[in-house]
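Residues per chain, in single letters:
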Amino acid sequence: MPVTPEPESPKRTTRSSAGSPAAARRLAPLRAHPVGSALGLVAIALLVLVLLWDWNWFKGPLERQVEASTGRTLQIAGDLDVDLGWTPTLRADRVRFANAGWSESRDMATADRVEIDLALWPLLSGTARIPGIRLDKPDLLLETGPEGRGNWRLDGGRDGRFQIEFRRVEINDGHLRFLDAARDTDIAVDVHTEDDAVAPSPAILVDGDGRWEGNAFEVEGRADSPLELRDPDSPYRIDAKATAGATSAHARGTLLDPLRLRGFDLQLALSGQDMADLYPLIGVAIPPTPPYALDGRFTRQGTAWHYDGFTGEVGDSDLSGDANVDTAGKRPYLRAVLRSKRLDFDDLAGFVGAAPQAGGKETANPAQEKQAAEQAARSRVLPDTPYRLDKLRTMDADVRLEAARINAPRLPLDDMVAHLLLEDGVLRLDPLDFGVANGRLRTTLRMDAREKTLRTRADIDARGLDLSQLLPTIELASNAIGKVGGQVRIETTGNSIADMLGHGNGEIVVGMGRGSISNLLMEMAGIDLAEIIKFELTEDRMIPVRCAFGEFGLQDGVMTARSLAFDTTDTLLIGEGTIDLGEERLDLVIKPRPKDRSLLSLRAPLKLDGSFKSPSIRPDMAALGLRGAIALALGSITPPAALLATIETGPGEDSGCGGQYAK
């Protein structure tokens, strides 16, 4: 029986499309050109990738990398985009960079848009070089926190492989705030690139205000384009004006690598009402001064900040010189050489706690004018403003001052040379040398501020002072001839000049050798009416001075006369008594002893008493009253006999004073 073949299943008889003749015809070109076909497929894949690519996929990795590098979170709330190239540009919108954990403010920096150019090749050497960064409406907060740590210190991350270099910055409508609560400083400034369509590199403009060290602060200025920051060794020009309280500054010149402030060369004009106001601003303690204006070259060399070749005025005095402050040691160290062609002496009043003269043509600030008025109204003369011992302990100094001429109408001062040394709270003036009345007054002074009360020692030597110039307000002494010298030795405690003198111990000696003085002046000192009338009707004459000498012991602020004499060929004046420096009281008696015979003589002691503010010199009325009573009694008998009470027999003898000071 014949076998019937089994029918073939449909699956086995159905052929794949690839194997169909139609499919074979479609794939034939691909098989004929395999390389071209592969390239076409890659192109199609790239096109699809480009069409679907989203740089926002990389926001997360980028934010995590920044946090790993800085320890702070970065948030890109807007879009992230990249323009590819050898220096690709990264563009991010609505960017926020977190602040330090200790800050009360959440963000250190925000910006509507940030564009960053990133050089690729330097990445291979571990440097993230950013040739350009463009910021739209950036808001940056710089602040100091615990232990003076700044929030810009980004050392909290785990990845320190890259060193970041910024080369240029362009800013549109930027805002910067600097906050230092510990120093009462809060400054906010607006920053933007100057609108200049012509200039290839427009400048940066800054304008703002706030508080600096508790003082109202304002700043405005102009700086080179941030494009100039590409080269850290290229000078960066600025021109800025700032005020802090009553202090103003105008800086113009160049900065070197300003982001790191490696160096600068500026012409700096400083002016203000009182140089003492600079202490909270720059940490250098300067005694109070009248209003000032200086202009000089401001540079930095290592840890030393220099202000060289400055000129200007302080009060009514000119001042020039060179100064620098070195911050390398435990305390700032001020070194300065100062010169003045004409020094107004009252401009130095702040060194002793007094106010400069005010009114008329004198230069003083309102506070000093008020202080001068209060001083004038006081019953005391010696300055009682305490020294700031904390200032003496916070810095060291080596300052030299030379004044070619001194303007002091009430004092016969010619010139001055001073050398001040301040180290570890101990101040020395060695020397403080004045030209006085054609002679010299040399002082060495030591003030120890290491304890709560100043301990002071002063040694003063005077040589060759002209007698006539020491008595400028006494007309009859204008022709006097004689050289005066002396010594003062004082050790004391106290924090003001008044306190020091009121507790002083030591001695004061002064003497004069041979000279001459007005005879009329001496007769007036002895109240010799007959001689006074004679010289008024005829002509005064000069009489020889043999010598003069005074020695005072000083104990607990009280000067006691051990010996006091002024000896001429006409009269010997002998003195005794005390001068209380603490109470500012005089209690001296001058006893004339004539060497001639004279009618109408009322030779009675002269009393010099009263306060330093209102001294009084007058005859001893009790002694004059005794002579008057004798004269009146004799006159009641016979008038001519009344002259007997005014006859001096001249019992005085030449004194033996002088010693080493009578030269």
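Residues numbered from 1 in each chain as written. Predicted model: local features only at pLDDT ≥ 70, side-chain atom pairs only at ≥ 80, totals over all residues. Heavy atoms only, no water.

Engineer: Requested: an account of the overall build of the protein, with residues and values cited.
Structural biologist: A count of helical and extended segments in the protein gives 12 helices and 36 strands. Counting every position in the protein, which comprises 663 residues, the buried fraction comes to 41%. Sequence-distant contacts in the protein: of pairs separated by 6 or more residues, those separated by 24 or more amount to 50%. Roughly 36,800 Å² of accessible area belongs to the protein as shown, and the carbon and sulfur atoms make up 57% of that amount. (Helix = DSSP H or I, 4+ residues; strand = E, 2+ residues; numbered from the N terminus. Buried < 20%, exposed > 50% of the residue type's maximum accessible area, 1.4 Å probe, protein only. Contact = heavy atoms within 4.5 Å. Areas by Shrake-Rupley, 256 points an atom, 1.4 Å probe, with all protein chains shown as cover.)

Engineer: Tell me about a negative patch on the surface, and name the residues and values.
Structural biologist: Taken together, the side chains of Asp112, Asp173, Asp190, Asp207, Asp209, Glu218 and Glu220 present a region of like negative charge at the surface. Mapped by element, the contributors of at least two residues to the negative patch are β12 (204-212) and β13 (215-223). Along the chain, Asp190 turns up in strand β11 (residues 185-193). Overall, the relative accessible area of 40% leaves Asp190 in the partly exposed class. (Patch = residues over 30% accessible without salt bridge, like charges linked within 9 Å, V, L, I, M, F, W, Y side chains within 5 Å. Salt bridge = Lys/Arg side-chain N within 4 Å of Asp/Glu carboxyl O. Lys, Arg positive; Asp, Glu negative; His and termini not counted. Charge placed at Lys NZ, Arg CZ, Asp CG, Glu CD.)

Engineer: Can you lay out a nonpolar patch on the surface for me, pointing to particular residues and giving the numbers?
Structural biologist: There is a patch of nonpolar side chains on the surface, built from Trp86, Leu120, Trp121 and Leu124 and spanning about 560 Å² of accessible area. Secondary-structure assignment places Leu120 in the loop between β4 (107-117) and β5 (127-130). Relative accessible area serves as the criterion here: at 33%, Leu120 is assigned to the partly exposed category.

Engineer: Could you give me a rundown of the pattern of salt bridges, with the residues and numbers involved?
Structural biologist: Counted according to the given criterion, the structure contains 31 salt bridges. Linking Arg177 and Asp186 is a salt bridge whose minimum nitrogen-to-oxygen distance equals 2.8 Å. Taking relative accessible area as the criterion, Arg177 reaches 33% and is therefore assigned partly exposed. Among the charged side chains, a network of salt bridges with common partners joins Asp81, Asp83, Arg91, Glu115, Asp117 and Arg134.

Engineer: Can you lay out the side chain of His419 for me, pointing to particular residues and giving the numbers?
Structural biologist: Within the secondary structure, His419 sits in strand β24 (residues 413-423). A residue is classified by how much of its surface remains accessible, and His419, at 11% relative accessible area, is buried. At 2.8 Å, the side chain of His419 and the side chain of Asp398 are in polar contact. Here His419 is in contact with Asp398, Val399, Arg400, Arg428, Leu429, Asp430 and Pro431, once residues within four sequence places are set aside. (Polar contact = N/O pair within 3.5 Å; in protein donor to acceptor, adjacent residues only side chain to side chain.)

Engineer: Which residues make up the side chain of Asp186, and what values go with them?
Structural biologist: With respect to the secondary-structure elements, Asp186 resides in strand β11. Here the side chain of Asp186 touches Arg177 through a polar contact of 2.8 Å, side chain to side chain.

Engineer: Please provide a residue-by-residue account of the nonpolar core, values included.
Structural biologist: Counting residues in hydrophobic clusters, the biggest one holds 87 residues, and the most contacted among them are Leu334 and Met416. With residues up to four places along the chain from it excluded, the contact list for Met416 reads Leu343, Leu348, Leu401, Glu402, Ala403, Ile406, Leu432, Asp433 and Phe434. Within the second largest apolar cluster, 11 residues are counted, among which are Met559, Ala561, Leu581 and Leu586. (Core = buried A, V, L, I, M, F, W, Y, C linked by side-chain atoms within 4.5 Å.)

Engineer: How would you sum up the packing of aromatic side chains? Please name residues and give values.
Structural biologist: Counted by the stated rule, this structure contains 7 aromatic pairs. Each residue in the set Phe264, Phe298 and Trp305 is aromatic and connected to the rest through ring pairs, giving one cluster. One residue, Arg335, lies across the ring of Tyr333, its end atom 3.9 Å from the ring centre. (Phe/Tyr/Trp six-rings, centres within 6.5 Å; stacked < 30°, edge-to-face > 60°. Lys NZ or Arg CZ within 6 Å of the ring centre and 35° of its normal.)

Engineer: I'd love a proper account of the layout of surface pockets, names of residues and values included.
Structural biologist: Once rolled over the atoms, a probe with the size of a water molecule shows which space is left empty. Computed from the structure, the second largest pocket encloses a volume of approximately 220 Å³. For the second largest pocket, the lining is made up of 13 residues, of which Trp102, Glu143, Thr144, Leu179 and Ala181 are closest to its centre. Elements with a minimum of two residues in the lining of the second largest pocket: β7 (139-144) and β10 (174-180). In terms of residue class, the lining of the second largest pocket is made up of 4 nonpolar, 5 polar and 4 charged. (1 Å grid on protein atoms, 1.4 Å probe; cavity = no way out; pocket = protein on both sides within 12 Å on 5 of 7 lines; lining within 4 Å. Points joined across faces, edges and corners; volume = space filled by probe spheres on them. Nonpolar A, V, L, I, M, F, W, Y, C, P; charged D, E, K, R; others polar.)

Engineer: Could you give an account of the pairing of β4, with specific residues and numbers?
Structural biologist: Look at any regular strand and the pattern is simple: side chains alternate between the two faces of the sheet. Pairing of strand β3 (residues 89-98) with β4, which is carried by 9 bridges, proceeds in the antiparallel orientation. In the strand pairing of β4, Arg96 is matched with Thr110. As paired elements, β4 and β7 share 2 bridges and run antiparallel to each other. Counterpart to Thr110 in the pairing with β7 is Asp139. Across 5 bridges, β4 lies against strand β6 (residues 132-136) in antiparallel orientation. Within β6, the residue paired with Glu115 across the bridge is Arg134. (Pairing = 2+ DSSP bridges.)

Engineer: Give me the lowdown on the pairing of strand β15 (residues 247-256), citing residues and values where you can.
Structural biologist: Here strand β14 (residues 235-244) runs beside β15; their pairing, made up of 10 bridges, is antiparallel. The partner of Thr243 across the bridge, within β15, is Ser248. Counted between consecutive antiparallel strands, the loop separating β14 from β15 contains 2 residues, among which Gly245 sits at a positive phi close to 65 degrees. Of the pairings in the sheet, the one linking β15 to strand β16 (residues 263-272) comprises 9 bridges and is antiparallel in character. Paired with His250 across the strands is Ala269, a residue of β16.

Engineer: Please set out the confidence of the model for the protein residue by residue, giving values where relevant.
Structural biologist: The share of residues in the protein with pLDDT of 70 or more is 74%, and the mean pLDDT across the chain is 79. Taken together, the stretch residues 9-18 has pLDDT below 50 and engages in 4 contacts with residues farther than four places along the chain or on a different chain. (pLDDT = per-residue confidence, 0-100.)

Engineer: Any chance you could break down helix α4 (residues 59-70) for me, citing the residues and the numbers?
Structural biologist: Compared with an ideal rise of 1.5 Å per residue, which puts 12 residues at 16 Å, α4 spans 16 Å between its outermost C-alpha atoms and is within 8% of the ideal. Where α4 is concerned, the buried positions are Lys59, Glu63, Val66, Ala68 and Thr70. Turning to α4, the residues buried within the fold contact β1 (74-76), β2 (80-83) and β3. Phi turns positive, to about 80 degrees, at Gly71, one or two residues after α4. (Expected span 1.5 Å × (residues − 1).)

Engineer: Outline the environment of Phe217, supporting the account with residue identities and numerical values.
Structural biologist: Mapped onto the elements, Phe217 comes out in strand β13. Look past the residues within four positions of Phe217 in its chain and what remains in contact with it is Ile187, Gly208, Asp209, Gly210, Arg211, Trp212, Ala242, Thr243 and Ala244.

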